[in-house]
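# Residue-level structure breakdown
Each chain is listed here by its residues.
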Amino acid sequence: MIFIFTMISGFFFLRNLPKYYKSEAKLSTGLLDPSRQLAPDNASYTGPDIIIKLNQQFSTIMDIMRMPKNISLLSYRLILHDLKDEKGSFKPWSEEIKALSDAQRQEAIAIYEDRLNKRQVLTPLDNGNIQLYQIVTSMGYDEKSLNKKLDINHEQNSDFISVAFTSNNTLLSVFVVNTLSKDFINNYSLEQIGNKNTAILVLDSLLKKKETIMNDRIRQLKDYKIRNGVLNLDKQSQIVYQQITDNENKKNQALIDKQAAQAALKSVNEKLASRTSDKYLGAEVIEDNRAIISIKNKILAAEDHYLRNGYKPADKKTVDSLQLLLSSRLVQSNDQYVSDPLIAKQSLVQRRISLGVEIEKATAGISDIDRELAKLNAKFTGMVPFDAGVQNHEQKADVATKEYLEILARYNQTSLDKNIGLRLQLVQEGIPTLPESSKKMIYMAMSAIASLAICFCTLFLISVLDRSVNNGAELKEALPAKLIGELDYIRPDNDNIAKIWGGQHSESEYLAFKNQLRALRFELDNKLFSGNQKVLGITGFGSAQAQAFAILNLAYAFGQMNKKVLLIGDHELIPALQRLKVPVNQSIRAILQGADVTESEPFSFVKNDLGGQSLLEIRDRQALSGIFGSIRDRFDLTIVTLDPLSDGAANREWMSFVALYAAVFVAGSNLHDKEKAALAALNEDEKFAGWVITGVKQK
């Protein structure tokens, strides 16, 4: 029903939905058009940096378009268009405009034109004698209203920015996109040129200052060089340093040569001074001569002995062997000394003389080199102060030059950007279009989906939050409970007990209800019979009226077994009993005071009207036992309606006189955790027969 109501309401609400017209203009920025860029400033960016840089520029342009200062110009042009021509206005005049006199309207036009020329932003504070802001707002031309229908975006991978506006007047849409685009291009270009001119003036002034500083630093460097006679200090110091290095190398070589000559001279002197160590100088000739002379003396002695001894052959052999030894020694001496020792000694003497001359020359050369090094070092040391001064002046001149060149580059770049920088162009003006496709079906579908979703969510929440027990299975799960019967729901217009039990009925609910009552009656009668008991107490949980209906039907069912049944109950049972024509004038108080119980059909009824007192407050336990004993003797079954379980403080006294009791649970009642714990405790009572759930609605 909610779904159908939503669809019908939506149809009538949307049937007069106005048509909307959308107009779109396109602006070219030139950021992605190489033909419009002489020296793009994205050259220093690579990879993702280029995309980020371009997206920032596009976002900046779109944000500027939406600024109040630009939207205010559009608002002025729209309101001026409508104020000047009522018939040609985009919208019917609002009540605020109609309330203006002709003089006030002309004054408003003049004020709007003046603010347009001055490019003033329209704010709520502009409501003076003439409600400027209120008039614009009443026509829907204020910033907030326009931005709702204005769509400015950058098409991906494109150089264009789209400006679209949707309204119920195609001419209004065209006017908005074209006016906003043209005004923005003009204002943005003027602002860009103005900013560049300001930057150029600042850079030009700074450039002149830097140029003066640079020229002054260069002049100071030149004067310093002239004053100190410095032609090219770097080159001069380099030459002197090279000369010092060369002379130091020469000195090192001279020292090496001198040390070598001194070592050679020492060796020659040692050889000339020794007569026993060098064989080439005849050191071994003396030994050889001594050996030869010794052999010759032995030969002379042997020959003399040979002559004196009478020329014996043995003596001859001794002389011959000595002669052979002398010859061998002479040959050996000749082979060993191939040169004359005097010649070698003369060579050593000449070598000693030449080495002495070389040492003297080296010593003299080292002295000359030391004097030259002293001159060069003094000259180089004298250049150090001049070099420090020149470097100081050159550093200052270099810094001034770099600053000047940096400012010059920025000045040239700014001048270039001013002449060929970013130039927005309106490449496609907005044109009148056909109305947009109707969104009635979309809105209808959305409303239908929304209604179904709301219904579903509501039912879901009800289901999740529902703690009610609606049938026997749920009751068993919640408590758990001993279930002895289940009674279906009977509509209020069919709750006539006599009609339920009277004759055959075609209504299925009557037949099923009677069968359920018979099954419950059998369970209770069986329990009472097995214990030879005649008193049954019935308590309950839930609606008192539903409990009363179940108790009356149960009493009527026992009455149909030709049993004398006495029902003791409260005033909730009286209306139904009156329809059954059962007397309701008997009182339990009167019976306790000695009155007799009058029997009636189909069962008897005694009203439980203790007047706020308990049983034991009226009679003692012995008297009560006697009274209830007499009642058990007269009636086959006594049914006592006990107080509900939720507030049954007086049930304890009645329980002492009740042999068995059952509990009626009304289907649909909510059970909380605390109540579940209390009701589940009934299962531990030996007198508790079980639960009867009534009012069960079958699916």
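Here, every reference points to the structure presented above.
Here the structure is a predicted model, which means the values were calculated and not measured. (Residues numbered from 1 in each chain as written. Predicted model: local features only at pLDDT ≥ 70, side-chain atom pairs only at ≥ 80, totals over all residues. Heavy atoms only, no water.)

### What about the overall build of the protein chain?
Secondary structure assignment for the protein chain yields 23 helices and 13 strands. Here the protein chain, with 699 residues, has 36% of them falling under the buried criterion. Long-range contacts, defined as pairs at least 24 residues apart, comprise 77% of the intrachain contacts of the protein chain with a sequence gap of at least 6. Total accessible area on the protein chain is roughly 41,300 Å²; 54% of this is exposed by carbon and sulfur atoms. (Helix = DSSP H or I, 4+ residues; strand = E, 2+ residues; numbered from the N terminus. Buried < 20%, exposed > 50% of the residue type's maximum accessible area, 1.4 Å probe, protein only. Contact = heavy atoms within 4.5 Å. Areas by Shrake-Rupley, 256 points an atom, 1.4 Å probe, with all protein chains shown as cover.)

### Quick word on the pairing of strand E11 (residues 660-666)
Along any regular strand, the residues point their side chains to alternate faces of the sheet. With seven of seven residues buried, E11 is to be regarded as a mostly interior element. Both faces of E11 are covered, namely the face carrying Leu660, Ala662, Val664 and Val666 and the face carrying Tyr661, Ala663 and Phe665. Inspection of the sheet shows strand E7 (residues 535-541) paired to E11 by six bridges, in the parallel sense. Its bridge partner being in E11, Phe541 is matched across the sheet by Phe665. Inspection of the sheet shows E11 paired to strand E13 (residues 688-696) by six bridges, in the parallel sense. Across the sheet, residue Phe665 finds its bridge partner in E13, namely Ile693. (Pairing = 2+ DSSP bridges.)

### Observations concerning the pairing of E13
Here E13 lies mainly inside the structure; nine of its nine residues are buried. Of the strand pairs in this sheet, strand E6 (residues 483-488) and E13 are connected by four bridges, and their pairing is parallel. Opposite Gly485, over in E13, you have Val692 as the bridge partner.

### Here's the deal with the nonpolar core
Judged by nonpolar contacts, the single largest core of 46 residues is most densely connected at Ile79 and Tyr112. Going through the elements one at a time, strand E1 (21-28), helix H2 (48-65), helix H3 (68-84), helix H5 (102-118), helix H6 (132-138), strand E2 (150-154), strand E3 (160-167) and helix H8 (170-227) are the ones with two or more residues in this core. It is H3 that provides the largest number of residues to this core, a total of eight residues. Residue contacts for Tyr112: discarding those within four places in its chain leaves Tyr76, Ile79, Leu80, Leu83, Gln131, Leu132, Ile135 and Val136. (Core = buried A, V, L, I, M, F, W, Y, C linked by side-chain atoms within 4.5 Å.)

### Focus: the sheet that holds E2
Overall, antiparallel pairing links the four strands, which are arranged E2-E3-E1-E4 in an open sheet. Edge strands, defined here as strands with exactly one partner in the open sheet, are E2 and strand E4 (425-428). Pairs of neighbouring strands in the sheet enclose a mean axial angle of 30°, with direction left out of account. Taken together, the five bridges between E2 and E3 define a ladder with antiparallel strand orientation. By the bridge assignment for E3, Ile152 is matched with Val163. (Axes fitted to C-alpha atoms, helices over the stretch in contact; angles between N-to-C directions.)

### Quick notes on the sheet that holds strand E10 (residues 637-641)
Taken in spatial order, the seven strands make up an open sheet running E6-E13-E11-E7-E10-E8-E9, and their pairing is parallel. The open sheet is flanked by E6 and strand E9 (604-607), the only strands paired with a single partner. Pairs of neighbouring strands in the sheet enclose a mean axial angle of 20°, with direction left out of account. Pairing analysis gives four bridges linking strand E8 (residues 565-569) to E10, with the strands arranged parallel. The residue bridging Val565 from the neighbouring strand is Leu637, located in E10. Across the sheet, helix H17 (residues 544-559) lies against E6, E7, E8, E10, E11 and E13, angled at about 165° from E8, the strand it touches most.

### Some remarks on the packing of H3 against H8
Close contact between H3 and H8 brings their axes to 10 Å; oriented N to C, the two are set at 135°. Taken together, H3 and H8 sit at an angle that is classed as oblique. The element H3 and its partner H8 pack so that their crossing is right-handed. Residues Lys69, Asn70, Ile71, Leu73, Leu74, Arg77, Leu78 and His81 of H3 form the contact with H8, whose own contacting residues are Leu172, Phe175, Val176, Thr179, Leu180, Asp183, Phe184, Asn187 and Glu191. Classifying every residue of the contact of H3 with H8 by side-chain character gives nine nonpolar, four polar and four charged. (Parallel < 35°, antiparallel > 145°, perpendicular 65-115°, else oblique. Left-handed = near helix turned anticlockwise from the far one by under 90°. Nonpolar A, V, L, I, M, F, W, Y, C, P; charged D, E, K, R; others polar.)

### So, the packing of aromatic side chains
Applying the stated criterion across every chain yields a total of 11 aromatic pairs. Residues Phe90 and Phe175 carry aromatic rings whose centres are separated by 5.2 Å and whose planes lie at 50° to one another, so their mutual orientation is tilted. Linking Phe90 in the loop between H3 and helix H4 (95-98) with Phe175 in helix H8, this pair joins segments that are 85 residues apart in sequence. Phe90 gets classed as buried once you look at its relative accessible area, which sits at 11%. (Phe/Tyr/Trp six-rings, centres within 6.5 Å; stacked < 30°, edge-to-face > 60°.)

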